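Letter by letter, the chains look like this.
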Amino acid sequence: MNTRYQTKQVIKTVLCAAIILILQLSIPVATASAHSKTADQQIPAGYGMVRNTDGMIEIFIPAGAFWMGSDTGNANENPAHEVYLDAYWIDQTEVTNAMYNRCVSAGACEMLASRESYNIAKYYGNPTYDQFPVVFANYYRAEEYCRWAGSSLPTEAQWEKAARGPDGLQWPWGNEYNGSFLNANYAVGDTTSVGSYSVGISPYGIYDMAGNVFEWVKDWYSVDYYRSQASPTQNPAGPASGQEKILRGGSWLSNMDAVRTTTRKEYAPGAANYDWGFRCARPYTQQDNQIIQAQQRQQNIQPTQMVQNIQIEPSNQTIQTVWDIQIENGPGILPPYQGMNQFVSQPTVLNQSISVVNQQQNIAIEQTWPTETPTPSSRIRNQDGMTEIYIPAGPFTMGTGSGNAGEGPAHEVYLDAYWIDQTEVTNAMYSRCVSAGACQLLGSQQSYSRQKYYGQPEFADYPAIYANAYRADEYCAWIGGSLPTEAQWEKAARGTEALLWPWGDTFDGRNVNYYYSIGDTTPVGNYPSGASPYGVLDMAGNAYEWVKDWYSESYYNTPDASMQNPAGPITGNSRILRGGSWLSGFNATRTTARKSFEPGASNYDWGFRCARPAQ
């Protein structure tokens, strides 16, 4: 009996060791390549992060191998060969007219070869086409822009991996061509707004890797580079020199063959055309991981339990420490998610049961996994090109006991998850709504110091002002949302740490356009150092922002104020403005400061942003 007991204990000890080995070795395989064990293993493929310079969403591509080229395509695509790339980031969409205009305004980029597109005489600089891809950019203009953005053009290998994924897809979405998944073959007759074809995204969640516009890459061209000894298997960068550069992805006028993920087009780097554009890329750095880890501390993952069965068979007829291990019937390793905002959680062994039948042991392991597919941290809205930021469900502290009348007391509020605009709605965005017939013109087309403001290309990325609450409601209804509730606005501004300003508890005038420091509005997103804990911009200063609630000075003292998803008083005479503006003192830019006004009023420092429930 004693011997039997000891044998069982030995079995348990060995099996526990085997389980630990399984969990240590099998899970990381899906999150990063075995080539290195750096911090990039923690970042899931398809994670999106916003670039401060231009508002572009950069998508994370993990280190690892993929199949480049084709054995059946054109001669310059042969042969198919395996390539290993270090981790990197690549732009989620092609660079837009509005983004390029920022670079020109900053003095870092030269004007494009033409302001037209194929059939649009006024294309670049026209607010209607702000979110369309920049065209007539030669290679040098593209490189110039990417340097300004802190990146470079992607290598040909980086572009192709981002387009086809590790499985070597012929088109970004798969191996069957579908003309409804992209803008190609003269179907539209010109460019379309970036990100218009969500069904055609690549395995990493990247848009327009087929069609819309050809895209420059960094490499010099050589027809036989893939077949030459000069082509390395790790991080290839193309020939050392050449006469032509490479364009990838096809365009709105290309046929199905030209939009394959392996098709290569060569041209002189100084040339430009009405269907040529670009996107940027940059290497992964350790600093990226630190930034993302800080973001993750704001996230809450609600676990559920799933059972995974592990079958362990002894290699011989006697129990040994070497085992053949088979994992079955479990959720496996979580797949990558486009724009994923939460890291893959490691499984936890909660309990185990052991039975020995014919020298075969079955162990039931309960693991904790997220209950839902992790949600992207940001996404681009189709109607106006606005970047929306995801705010997770959970409680936060609203109000303060030490502010002005109407700001107290501090009280805990629970909100369901929602999306909120990263910036204030711009002139260019509002113009789209007017053009669509869904919005009325604003109260004035001027700003405080500018006779011509709304409708002027140089102010396209500035906040729309002279919007009363009704015009703001109208716009947000057009995009399928509404103005944020006061609680939604405040949580997005201060996070869960009850910050006094979006960046912290100490005022810093370098983080905000306030108190006549500029004398008028500035472009949205002009103060990235003043971002909120969720990465929302301009929650302090620039323009006051309307929220949805009616105003009551005593509302925080009512039971309704601490309920779930508070929406303010049922009726009232005044609506609420939040965040202060370019002419406000520092006290008015606090995250808890409240200003009330009649909803039909408008002013040269009042604007808005929208919100939508998470679905």
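Residues numbered from 1 in each chain as written. Predicted model: local features only at pLDDT ≥ 70, side-chain atom pairs only at ≥ 80, totals over all residues. Heavy atoms only, no water.

Student: I'd like a rundown of the packing of helix H6 (residues 427-435) against helix H7 (residues 469-478), residues and numbers included.
Tutor: The N-to-C vectors of H6 and H7 enclose an angle of 75°; their axes lie 11 Å apart at closest approach. The pairing of H6 with H7 is recorded here as roughly perpendicular in orientation. Contact residues: H6 offers Met-429, Tyr-430, Arg-432 and Cys-433, while H7 offers Arg-471, Glu-474, Tyr-475 and Trp-478. Tallied by class, the residues present in the contact of H6 with H7 amount to five nonpolar, no polar and three charged. (Axes fitted to C-alpha atoms, helices over the stretch in contact; angles between N-to-C directions. Helix = DSSP H or I, 4+ residues; strand = E, 2+ residues; numbered from the N terminus. Parallel < 35°, antiparallel > 145°, perpendicular 65-115°, else oblique. Contact = heavy atoms within 4.5 Å. Nonpolar A, V, L, I, M, F, W, Y, C, P; charged D, E, K, R; others polar.)

Student: Give a detailed account of the packing of helix H2 (residues 97-105) against helix H3 (residues 139-148), specifying residues and quantitative values.
Tutor: Closest axis-to-axis distance for the H2/H3 pair is 10 Å, and the angle between their directions is 75°. One element, H2, and the other, H3, form an angle in the roughly perpendicular class. Across the interface between the two elements, Met-99, Tyr-100, Arg-102 and Cys-103 from H2 touch Arg-141, Glu-144, Tyr-145 and Trp-148 from H3. Grouping the amino acids of the contact of H2 with H3 by side-chain chemistry returns five nonpolar, no polar and three charged.

Student: Can you break down the sheet that holds strand E7 (residues 245-248) residue by residue, with the values?
Tutor: In space, the four strands of this open sheet follow the order E8-E7-E6-E9, with mixed pairing throughout. Since the sheet does not close on itself, it has two edges, and those belong to strand E8 (264-267) and strand E9 (276-277), each with one partner. (Pairing = 2+ DSSP bridges.)

Student: Tell me what's going on with the pattern of salt bridges, and back it up with residues and numbers.
Tutor: Side-chain pairing between opposite charges can occur once the charged atoms of the two side chains come close. Scanning the entire structure with this criterion turns up 30 salt bridges. Note that Asp-257 is salt-bridged to Arg-260, the shortest N-O span being 2.8 Å. With a relative accessible area of 35%, Asp-257 lands in the partly exposed category. The structure contains a network of salt bridges with shared partners spanning Arg-51, Asp-54, Glu-58, Asp-91, Arg-282 and Asp-288. (Salt bridge = Lys/Arg side-chain N within 4 Å of Asp/Glu carboxyl O. Buried < 20%, exposed > 50% of the residue type's maximum accessible area, 1.4 Å probe, protein only.)

Student: How would you summarise the nonpolar core if you had to cite specific residues and measurements?
Tutor: Val-425, Tyr-430, Leu-442, Tyr-475, Trp-546, Phe-608 and Cys-610 are the most contacted members of the largest nonpolar core, which has 28 residues in total. Sorting the residues of this core by element identifies H6, H7 and strand E20 (544-550) as the ones contributing at least two each. Considering every element that reaches this core, the biggest residue donor is H7, with four residues. The residues touching Tyr-430, leaving out its near neighbours within four places in the chain, are Val-425, Cys-439, Gln-440, Leu-441, Leu-442, Tyr-454, Ala-464, Arg-471, Glu-474, Tyr-475 and Phe-608. (Core = buried A, V, L, I, M, F, W, Y, C linked by side-chain atoms within 4.5 Å.)

Student: Could you give an account of the state of the cysteines, naming the residues involved and the relevant values?
Tutor: Taken as a whole and assessed by the stated rule, the structure comprises four disulfides. Two residues, Cys-146 and Cys-280, share a disulfide whose sulfurs are 2.1 Å apart. Sign of the S-S torsion, about -85° for the bond between Cys-146 and Cys-280, identifies this disulfide as left-handed. Of this pair, Cys-146 sits in helix H3 while Cys-280 sits in the loop between E9 and strand E10 (281-283); the two residues are 134 residues apart in sequence, bridging distant segments of the chain. When its relative accessible area of 0% is taken as the criterion, Cys-146 is described as buried. (Disulfide = S-S within 2.5 Å.)

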